[in-house]
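# A closer look at the structure
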Amino acid sequence: MNRPSDPGSPSSGTPSARRSPPAPPPYPPGPAQPRPGLWKRCLWGGIALWLLTAIVTYATRNSNLLPTLILLGSFLVPAVFVLWAYERHGRDLGATVILGCFLTGGILGVLGASVAESYLLHPSVWVFVGVGLIEEAVKLLALMFVLRRHPGIRGMRAGLVLGATVGFGFAAFESAGYAFNAAVTMKGIDLRALLETEVLRGVLAPFGHGLWTAIAGGVLLAYRKPNGRFHLAAPVIGAYIGVAVLHSLWDSMHGIALWLVAELTDTGLSRELFAQGYIVAPTDEQQHLFTLFSVGGMVVITLVALAWLRSLARRARDTGAEGRQGTRIHTP
């Protein structure tokens, strides 16, 4: 007996229904984004590794570990702050641009500052003014160099993030140099001086180069033209001069504190006092006043810079800088 053919079978003469394969996505998936809070894990993990490296170096007296100790201590805080800025405010800028600003911008900044300062600066009362003007200029030039092939990156927010990135890159390489100089002495390796230098510069890193260049970079990219050209408008020049002044005051605060102590305690303003950089046989009052003026001055400078940065960030939000000025033109 012949069975009736199954309607769905190939022999039934009726074509079987076939499922269409799922359509491929229009664009390949982008690179995996880091999970939120990665900067915290990097911070605590980096601190643990730095402490472990310091302990092992101290216990073994192995000088081969010095580069590891110097690099960890110098790059930890700047890299963590850049990662935080990327996670919170700069994901659309791209990791490539962030990395380029940190490494290329930082290296070009320290190289340019070294060359300019060696030829243009001479020992004088105004030397720190020259340092501030030169270093803030080379950092902005390094930022412009990195972004020369990214005309779509502009706007206040992008400038704040990328300016801070260049500044932190500059701070990381500069701190590595200071740590190396502190470690290498005529008597050999001074591990204690190395660790003290890295701790101090690590604590102060968020309030120095990264903060100043974020301000100048924000104003610079806020006035960048749609065709990618940088427009050195009056607010850009004013921001540059302003952060250079803050930079100069920060660097010269030691000398300013000495001068204030000498004025208040009536010790006489001898040239030897400033040539030596300290007060010979200071009294308890002079020591307390010097600490108050030097630390208090840095706090005041930092508060002024933070208030300035906050006003720029608020202006970017209030005016919708991300939408009207743009941060990056994405193309498929």
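Residues numbered from 1 in each chain as written. Predicted model: local features only at pLDDT ≥ 70, side-chain atom pairs only at ≥ 80, totals over all residues. Heavy atoms only, no water.

### Comments concerning empty space enclosed by the protein
Our working definition: Put plainly, a pocket is an open set of points on a 1 Å grid over the protein atoms alone with protein on both sides within 12 Å along at least five of seven lines, a cavity is a set where a 1.4 Å probe fits but cannot get out, and a lining residue has an atom within 4 Å of a point. Grid points are joined across faces, edges and corners, and a volume is the space filled by probe spheres set on the points. Labels follow the DSSP assignment, with helices taken as runs of H or I lasting at least four residues and strands as runs of E lasting at least two, numbered in each case from the N terminus. Residues are grouped as follows: Ala, Val, Leu, Ile, Met, Phe, Trp, Tyr, Cys and Pro are nonpolar; Asp, Glu, Lys and Arg are charged; all remaining types, including Gly, are polar.
The full count for this structure, using the stated rule, is 1 cavity of 30 Å³ or more. When its volume is computed, the largest cavity comes out at roughly 40 Å³. Along its surface, the largest cavity is lined by Gly73, Ser74, Pro78, Ser175, Glu198, Arg201, Gly202 and Ala205. Listed by contribution, the elements that provide at least two residues to the lining of the largest cavity are helix H2 (66-89) and helix H6 (191-204). Partitioned by chemical class, the residues of the lining of the largest cavity number 2 nonpolar, 4 polar and 2 charged.

### Quick word on helix H4 (residues 127-146)
This is how the line gets drawn: Residue count minus one, scaled by 1.5 Å, sets the expected span of a helix. A 1.4 Å probe rolled over the protein chains alone gives each residue an accessible area, and that area as a share of the maximum for its type sets the label: buried under 20%, exposed over 50%, partly exposed in between. Any two residues having at least one pair of non-hydrogen atoms within 4.5 Å are treated as being in contact.
Here H4 is 20 residues long and its end C-alpha atoms lie 29 Å apart, about the 28 Å a rise of 1.5 Å per residue gives. Listing the buried residues of H4 in full gives Gly130, Val131, Gly132, Ile134, Glu135, Glu136, Val138, Lys139, Leu140, Ala142, Leu143 and Val146. Packed against the buried residues of H4 are helix H3 (95-120), helix H5 (156-183), helix H7 (209-222) and helix H8 (234-251).

### Concerning a nonpolar patch on the surface
Inclusion rule: Only residues whose relative accessible area exceeds 30% and that form no salt bridge enter a patch; like-charged residues are grouped when within 9 Å of one another, and nonpolar side chains (Val, Leu, Ile, Met, Phe, Trp, Tyr) when within 5 Å. Each accessible area is a Shrake-Rupley result for a 1.4 Å probe, and residues are judged covered by the shown protein chains and nothing else. Definition used for salt bridges: Asp or Glu carboxyl oxygen within 4 Å of a side-chain nitrogen of Lys or Arg.
A surface patch of nonpolar side chains, amounting to about 410 Å² of accessible area, comprises Phe207, Val295, Val299, Leu303 and Leu306. Accessibility expressed as a relative area gives 36% for Leu306, which makes it partly exposed.

### Section: the nonpolar core
Quick note on the threshold: The nonpolar core is taken to be a set of buried Ala, Val, Leu, Ile, Met, Phe, Trp, Tyr and Cys residues, with the residues joined through side-chain atoms within 4.5 Å.
Within the largest apolar cluster, 44 residues are counted, with the highest numbers of intra-cluster contacts made by Cys101, Leu143, Leu147, Ile153 and Leu162. Counting only elements with at least two residues in this core, the list comes to H2, H3, H4, H5, H7, H8 and helix H11 (284-318). Not counting residues within four places of it along the chain, the set of residues in contact with Leu162 comprises Leu93, Val97, Ile98, Cys101, Leu143, Leu147, Ile153 and Leu221. Of all hydrophobic cores here, the second largest spans 10 residues; its members include Leu66, Ile70, Ala179 and Leu194.

### Side note on the confidence of the model for the protein chain
For the record, the criterion: Per residue, pLDDT captures the predictor's confidence, and it can take any value from 0 to 100.
Summary statistics for the protein chain give a mean pLDDT of 83 and a share of 79% for residues scoring 70 or more. When the criterion is pLDDT under 50, residues 321-332 qualifies, and its contacts beyond four places in sequence or with other chains add up to 31 contacts.

### Re the environment of Phe145
Tracing the sequence through the fold places Phe145 in helix H4. In this structure, the C-alpha to C-alpha distance between Phe145 and Gly105, residues 40 residues apart in sequence, is 8.0 Å. The residues contacting Phe145, other than those within four sequence positions of it, are Thr104 and Leu108.

### Regarding the environment of Val161
Its place among the elements puts Val161 in helix H5. The residues contacting Val161, other than those within four sequence positions of it, are Ala85, His89, Gly90, Leu93 and Ile98.

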